[in-house]
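# Structural description and commentary
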Amino acid sequence: MSSKSDAKQEREIKIVGFLCNWCSYGGADTAGVCRFRQPTDLRIIRIPCTGRIDPLMIVKSLIQGADGVLVSGCHPNDCHYAVGNFYARRRMEVLKRFLPYMGFQSDRFRYTWVSASEGQIWQQVVTDFSETIHRLGPNPGLHQTVDSAPAVSWF
Amino acid sequence: MRIGVFICQCGTNIAGTVDTRAVAKKAMEFPDVVFAVDYMYTCSEPGQKEIQDAISSHRLQGVVVAACSPRMHEPTFRRAVKKAGINPYMFEQANIREHCSWIGTDREANTRKAIDMVRMSVEKLRRNQALFSTQVAVNKRVLVIGGGVAGIQAALDCSDGGLEVVMVEREPSIGGKMAKLDKTFPTIDCSSCILGPKMVDVAQKENIRLYAYSEVEAISGYIGNFKVDIRKKATYVDWNACTGCGECTQKCPSKKAFDHFNEGLGATTAINIPFPQAIPKKARIDSDYCRYLTGGKCRVCEKICPVKAIRFDMKDEIVTEEVGAIIVASGYDLFDARVYGEYGGGRYPDVISAMQYERILSASGPYGGHIRRPSDGREPKEIVFISCVGSRDISVDRPYCSGICCMYIAKQAIMTRDHIPDSNCYVSYMDIRAPGKGYDEFIRRAQEEYGVKYIRGRVGRIYPRGDRLVVQGADTLLGVQVEIEADLVVLATGVECSAGARPLAEKLRISYDQHGFYMESHPKLRPVETNTAGVFLAGVCQGPKDIPASVGQGSAAASKVQALFSRDTIETDPQVAHVNENMCIGCGKCEQVCPFGAIRMKTLRDGSRKSEVLETVCQGCGLCNATCPNKAIQLRHSTDDQILAEINTLFD
Ligand SMILES: Cc1cc2nc3c(=O)[nH]c(=O)nc-3n(C[C@H](O)[C@H](O)[C@H](O)COP(=O)(O)OP(=O)(O)OC[C@H]3O[C@@H](n4cnc5c(N)ncnc54)[C@H](O)[C@@H]3O)c2cc1C
Ligand code: SF4
Ligand code: SF4
Ligand code: FES
């Protein structure tokens, strides 16, 4: 473990976040306004709604080298566009199950619902997820993951 | 493209933990960037001027500002670049304050992050397109949801401004909580004397259409053009015919119906008019208590009614109204005191809520304005008021201050001493919060002029002794235990969100906080707007407040609507979906997922089916974009290309 974790330190962890404009982006703003400290690995992309998310964007991020991908939107029933997050949830649930088959640990991807008032919850989400990704270490990339991801090692 | 990058220091808000100079320097290396600089306050007038000057001197075609959240200042900067001749959509904002400088202390890590964020914005901007709004006509009618004092004020202001108003009130009468109050702090005005005329105005204004005993069923559309389905609940009385004479209520044999207006003190008849000043003053049958509707026999009112207005076969009815803006003023409910078992609310008849006490004090109340105990009708001499019942208590998930209780307790104690001069009034309080105009003076009057005894500390327990109640608690100022034998205990139950606040928010597509109060667009600068364009807030539905503040918000919301309606058209948001017909295979999936019906399939002359976006209907969610198997439909300003470019640049 120790030699591996040394290797982990070599490069900065980067997490891509897709946040819907109406809830979670606002929640992240609220967390900022309240000065709730968070790890700095997250790079947020503002999207209108989680329904805008094509699973391809998540996969593309992982292929490019993102160490984690976090999607966050409005709570179910609160989507600014009424149903966008229901579509998103269905797509992301399917994607989550497919990720190991593509050679990615499914823990590298997470989705949550955080409203614009929930700054503190946002802080928790970012902190938890960043910790998880730091524990997993840098994303080894597609070719190497085949050996290390248990779900596909015998596949 | 020639891009200029402006890094805001925001005083020390950003520069304190981000090396803005280094970010600007690094930005110069990004593709297409021809100019980059950091500046003290980019949003200030000289800051904006700096951008505009750079646009002309460096012939910029696109601008990136790295500063606060775009939810805060994107409109400001879009206007600024537009003034300098750049299309407002050739602008991107990187949020290096809320999402960076304010949440991390490691200056180097923050600076690296800020550089990444600027790089992402530059890559997105390189793929932006100039976008142009279109104009749509505004329907200059406004819907007001809730007829409490806030909604009434909003409706009357809009009506005075010549607008057509549709008001929907859930209860059989408008007036809300204020109609139940006896007097109002800090002047001890008679509540119904100041509210009554306003209620009558609502009924009499020709441009206000009131739907009482009705609820909003569904809302579709968007700013300028909403469509609202309203459920008119069955009253079993034809209100067009009913004159409000009240004969039916005299003769109705079912006399044990729950009296909502009097907070369950006393009872009313199954067919009733909620209170003498009700607007509209019409009878309604409470189907839970009507002998005919529950047991199949009676129909007395039908025979009595001089105008034959009774309709036992009445059903709920849905009507549709079209409006251009919505004011939500759905008010609040009160905390259920039974949660605190140790106070015995709901168990002991002489432990009552402050709202019940308002009814007891009121001349139109169950005891005709004489202060009596509910249990035996005796005049109480020792009265204890307990503050913060369901306020500022994390253990019952009510961490917030209700803001009004300290004041109305003082009012009620003053009124009590006024009615019964030989009574003793005690107030058990945590802190006294009286920040309004004339408020602290009012509390002082209660203490000094009326001799109300204030005891700082919490009550631990209330239990009966004989026909009285023992109130045990602490006086934390004197550091002693106190025990008072009281005749009557009044609990100042706190404010909570109105029942049904959450489902209503979901219909309106507005957000609410963890306690169910509606979220304003900005806590300081946009207090009555919501994040859904065309929907405004007034009164306690947004958070606890008293009557003056509720009325203020009602007027503020009305003036926002009038400003909106002062134009005949509004600009649409051009960030909408767009179909590339060459790529569309006509599968119709986008049409199926669009939540707004903004997509129509059409057949071209060669017989092929293609999708088409109705640009004024599209809300820009991008669901179609994510669904299209061929990526033929793209959401402008958030295209696949743009989002993927933001991802890619992070890992170059
Ligand atoms: C015991 C007590 C004493 C008080 N004394 C004072 C005082 O002396 N001075 C003072 O300034 N303030 C006082 N207040 C505070 C005052 O009651 C409020 O500030 C004020 O009533 C708020 O008005 P509102 O219109 O926002 O809400 P409300 O009065 O609650 O009105 C909301 C209206 O909306 C309706 N509604 C709710 N949901 C829907 C829906 N989904 N569809 C349609 N309609 C809906 C309700 O039926 C109601 O009629 C007191 C409060 C209490 C509890
Ligand atoms: S972006 Fe697409 S799905 Fe969303 S409202 Fe517009 S047309 Fe409909
Ligand atoms: S989903 Fe795409 S391909 Fe199918 S009809 Fe819509 S735009 Fe055309
Ligand atoms: S707008 Fe937030 S998830 Fe749809």
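Residues numbered from 1 in each chain as written. Chains lettered and ligands numbered in written order. Predicted model: local features only at pLDDT ≥ 70, side-chain atom pairs only at ≥ 80, totals over all residues. Heavy atoms only, no water.

## Thoughts on the nonpolar core
Residue and element names in this part refer to chain B. We apply this condition: Buried Ala, Val, Leu, Ile, Met, Phe, Trp, Tyr and Cys residues form a nonpolar core when they are joined through side-chain atoms within 4.5 Å. Relative accessibility thresholds used throughout: buried, under 20% of the residue-type maximum; exposed, over 50%; partly exposed, between the two (1.4 Å probe, protein chains only). Counting from the N terminus, the helices are the DSSP runs of H or I reaching at least four residues and the strands are the DSSP runs of E reaching at least two. Contact criterion: two residues are considered in contact whenever any of their non-hydrogen atoms come within 4.5 Å of each other.
Core analysis: the largest hydrophobic core is formed by 124 residues, its most contacted members being Ile326, Ile327 and Tyr518. If you tally residues by element for this core, the top one is helix α12 (residues 405–419), at eight residues. With near-sequence residues (within four places) excluded, tyrosine 518 lies in contact with Val328, Ser330, Ala501, Leu504, Ala505, Ile510, Ser511, Tyr512, Leu537, Cys541 and Gln542. Counting 40 residues, the second-largest nonpolar core is a separate cluster that includes Val23, Ala54, Ala67 and Ile115.

## Digging into the interface of chain A and chain B
Definition in use: We define buried area as the total accessible area lost by two parts upon association, computed with a 1.4 Å probe and summed across both. Any carboxyl oxygen of Asp or Glu that lies within 4 Å of a side-chain nitrogen of Lys or Arg is treated as forming a salt bridge with it.
Counting residues at the interface gives 48 residues for chain A and 51 residues for chain B. In this assembly, chain A packs against chain B so that about 4,300 Å² is buried in total across both faces, 58% of it on carbon and sulfur atoms. For chain A, the biggest contributors to the area lost against chain B are A:Arg43, A:Arg52 and A:Tyr81; these three give 16% of the whole. The tally of links between chain A and chain B comes to seven salt bridges.

## What to know about the site of ligand 2
Definition in use: Whether a residue is near a molecule or strand depends on its heavy atoms: it is near if one of them lies within 4 Å of it. Side-chain classes follow a simple rule in which Ala, Val, Leu, Ile, Met, Phe, Trp, Tyr, Cys and Pro form the nonpolar group, Asp, Glu, Lys and Arg form the charged group, and the remainder, Gly included, forms the polar group.
Around ligand 2 lies a shell of 13 residues, among which B:Cys594, B:Cys618, B:Cys621, B:Gly622 and B:Cys624 are the nearest. A class-by-class count of the residues in the shell around ligand 2 yields ten nonpolar, three polar and no charged.

## Some remarks on the state of the cysteines
Quick reminder of the rule: Two cysteine sulfur atoms make up a disulfide if the distance between them is within 2.5 Å.
Evaluated as defined, the whole model comprises two disulfides over all chains. The disulfide partner of A:Cys23 is A:Cys74, and the gap between their sulfur atoms is 2.4 Å. The disulfide joining A:Cys23 to A:Cys74 has a torsion of about 100 degrees about its S-S bond and is therefore right-handed. Of the two residues, A:Cys23 is situated in the loop between β1 (15–20) and α2 (24–33) and A:Cys74 in the loop between β3 (68–73) and α4 (84–102); the sequence distance between them amounts to 51 residues. Note on A:Cys74: relative accessible area 3%, which makes it buried. Covalently, B:Cys190 is tied to B:Cys193 through a disulfide, its sulfur atoms 2.2 Å apart. Residues B:Cys190 and B:Cys193 are joined through a disulfide that is right-handed, its torsion about the S-S bond being 80 degrees. Distance from the sulfur of B:Cys497, which forms no disulfide, to the nearest cysteine sulfur (B:Cys541) is 10 Å. On the basis of relative accessible area, B:Cys497 is assigned to the buried category, the value being 12%.

## Topic: the pattern of salt bridges
Residues and elements named next belong to chain B. Across all of its chains, the model carries 54 salt bridges over all chains by this definition. Between aspartate 53 and lysine 49 there is a salt bridge, with the nearest N and O atoms lying 3.2 Å from each other. Here aspartate 53 pairs with lysine 49, and both are found in helix α2 (residues 45–57), just four residues apart, close to one helical turn. Judged by its relative accessible area of 38%, aspartate 53 falls in the partly exposed class. In this structure lysine 49 comes out as partly exposed when scored by relative accessible area, which is 47%. A salt bridge links glutamate 215 to lysine 233; the shortest N-O distance between them is 2.9 Å. Note that glutamate 215 is positioned in strand β11 (residues 214–222) and lysine 233 in the loop between β12 (225–232) and α8 (247–251), a separation of 18 residues in sequence. The structure contains a network of salt bridges with shared partners spanning Asp350, Arg373, Asp376, Arg378, Arg465, Asp467, Arg468, Glu483, Glu485 and Asp487.

## As for unusual backbone geometry
Note the cis peptide between B:Phe185 and B:Pro186, where omega equals -5 degrees. Looking at where B:Pro186 falls in the secondary structure, it is placed in the loop between β8 (183–184) and β9 (189–190). Going from B:Ile279 to B:Pro280, the amide bond is cis rather than trans, its omega being -5 degrees. Structurally, B:Pro280 can be placed in the loop between β15 (271–272) and β16 (284–285). A positive phi angle is found at A:Arg35, which is not glycine, with a value near 55 degrees. Inspection of the secondary structure assignment puts A:Arg35 in the loop between α2 and β2 (42–47). In this structure, B:Lys631 takes a positive phi of about 55 degrees despite not being glycine. Judged by its relative accessible area of 23%, B:Lys631 falls in the partly exposed class.

## Quick word on helix α5 (residues 107–125) of chain B
Stated formally: To estimate the expected span of a helix, subtract one from its residue number and multiply by 1.5 Å.
With 19 residues, α5(B) extends 27 Å from end C-alpha to end C-alpha; this agrees with the ideal 27 Å at 1.5 Å per step. By the criterion of burial, α5(B) is predominantly enclosed, with 15 of the 19 residues buried.

## Observations concerning the packing of aromatic side chains
To keep things clear, this is the line we draw: Centres within 6.5 Å are what make two rings of Phe, Tyr or Trp a pair, Trp counting through its six-membered ring; a difference in plane orientation under 30 degrees is then read as stacked, over 60 as edge-to-face, and the rest as tilted. Charge-over-ring contacts are defined here by two conditions on Lys NZ or Arg CZ: a distance within 6 Å of the ring centre and an angle within 35 degrees of the ring normal.
Summed over the entire model, instances satisfying the criterion amount to 15 aromatic pairs over all chains. Ring centres of A:Tyr81 and B:Phe596 lie 6.1 Å apart, and the angle between their planes is 85 degrees; on these two criteria the pair is classed as edge-to-face. Residue A:Tyr81 is found in the loop between β3 and α4, and its partner B:Phe596 is found in the loop between α16 (589–593) and β32 (599–603); the two belong to separate chains. Neither residue differs from the other here; A:Tyr81 and B:Phe596 are each classed as buried. Taken together through their ring pairs, the aromatic side chains of A:Trp22, A:Tyr81 and B:Phe596 make up a single cluster. Geometry around B:Tyr332 places B:Lys177 over its ring, the cationic atom sitting 4.6 Å from the centre.

## Focus: empty space enclosed by the protein
All names here are of chain B. Keep this limit in mind: Think of a 1 Å grid over the protein atoms and nothing else: a 1.4 Å probe that fits but is trapped marks a cavity, an open set flanked by protein within 12 Å on at least five of seven lines marks a pocket, and residues with an atom within 4 Å of a point count as lining. Grid points are joined across faces, edges and corners, and a volume is the space filled by probe spheres set on the points.
Summed over the entire model, instances satisfying the criterion amount to ten cavities of 30 Å³ or more. In this structure, the largest cavity encloses a volume near 100 Å³. Forming the walls of the largest cavity are 14 residues, and the residues nearest its centre are Cys242, Cys245, Cys248, Ala283 and Cys305. For the lining of the largest cavity, a count of residues per class yields eleven nonpolar, three polar and no charged.

## Regarding the sheet that holds β3(A)
Residue and element names in this part refer to chain A. Heads up, the rule is: Here, a strand pair is defined by DSSP locating no fewer than two bridges between the strands. Every axis corresponds to a line fitted to the C-alpha atoms, with the helix fit spanning only the stretch in contact, and the corresponding angles, defined between N-to-C directions, vary from 0 to 180 degrees.
The sheet built from four strands is open, its strands ordered β2-β1-β3-β4 with parallel pairing. For this open sheet the edge positions go to β2 and β4 (109–113), each flanked by a neighbour on one side alone. The average angle at which neighbouring strand axes cross in this sheet is 20 degrees, direction not considered. Two strands pair when backbone bridges link them, and β1 and β3 are joined in this way by five bridges, in the parallel orientation. Note that in β3 the partner of glycine 17 across the bridge is leucine 70. Each of β1, β2, β3 and β4 is contacted by helix α5 (residues 119–136), which is oriented at about 160 degrees to β3, the strand it contacts most.

## A word on a nonpolar patch on the surface
Residues and elements named next belong to chain A. Put simply, the test is: Residues with no salt bridge and a relative accessible area higher than 30% make up the patches, which join like charges within 9 Å and nonpolar side chains (Val, Leu, Ile, Met, Phe, Trp, Tyr) within 5 Å. In this description, accessible areas are obtained by the Shrake-Rupley approach with a 1.4 Å probe, and a residue is regarded as covered only by the protein chains that are shown.
On the surface, Val94, Phe98, Tyr101 and Met102 cluster together into a nonpolar patch covering about 400 Å² of accessible area. Mapped onto the secondary structure, valine 94 falls in helix α4. Since its relative accessible area comes to 44%, valine 94 is described here as partly exposed.

## A closer look at the environment of A:Tyr25
Position of A:Tyr25 relative to the elements: it lies in helix α2. The spacing of A:Tyr25 and A:Trp122 is 97 residues in sequence and 9.6 Å in space, taken between C-alpha atoms. In this structure, A:Tyr25 is in contact with A:Leu19, A:Cys20, A:Ile44, A:Arg46, B:Ser69, B:Pro70, B:Arg71, B:Asn95 and B:His99, ignoring residues within four places of it in sequence.

## Things to note about helix α6 (residues 149–160) of chain B
Residue and element names in this part refer to chain B. Along its twelve residues, α6 runs 16 Å from first to last C-alpha, staying within 8% of the 16 Å computed at 1.5 Å per residue. Within α6, eleven of the twelve residues are buried, which leaves it mostly tucked inside the rest of the structure. Among all positions in α6, only Val149, Ala150, Gly151, Ile152, Gln153, Ala154, Ala155, Leu156, Asp157, Cys158 and Ser159 are buried. Phi turns positive one or two residues past the end of α6, at glycine 162, with a value near 90 degrees.

## Side note on the side chain of B:Lys113
Quick reminder of the rule: For the purpose of counting charges, residues Lys and Arg are taken to be positive, whereas Asp and Glu are taken to be negative. His and the chain ends are not included. Here a polar contact is recorded for every N or O atom pair within 3.5 Å, except that within protein the pair must consist of a potential hydrogen donor and a potential acceptor, and residues adjacent in sequence are included only if both atoms are side-chain atoms.
Within the secondary structure layout, B:Lys113 lies in helix α5. The buried charged residue B:Lys113 lacks any salt bridge, with A:Asp41 as its nearest oppositely charged partner at 8.2 Å. A polar side-chain atom of B:Lys113 sits 3.4 Å from the main-chain carbonyl oxygen of A:Leu42. Apart from residues lying up to four places away in sequence, B:Lys113 is in contact with A:Thr40, A:Leu42, A:Arg43, B:His99, B:Cys100 and B:Ile103.

These figures come from the coordinates and say nothing about function on their own.
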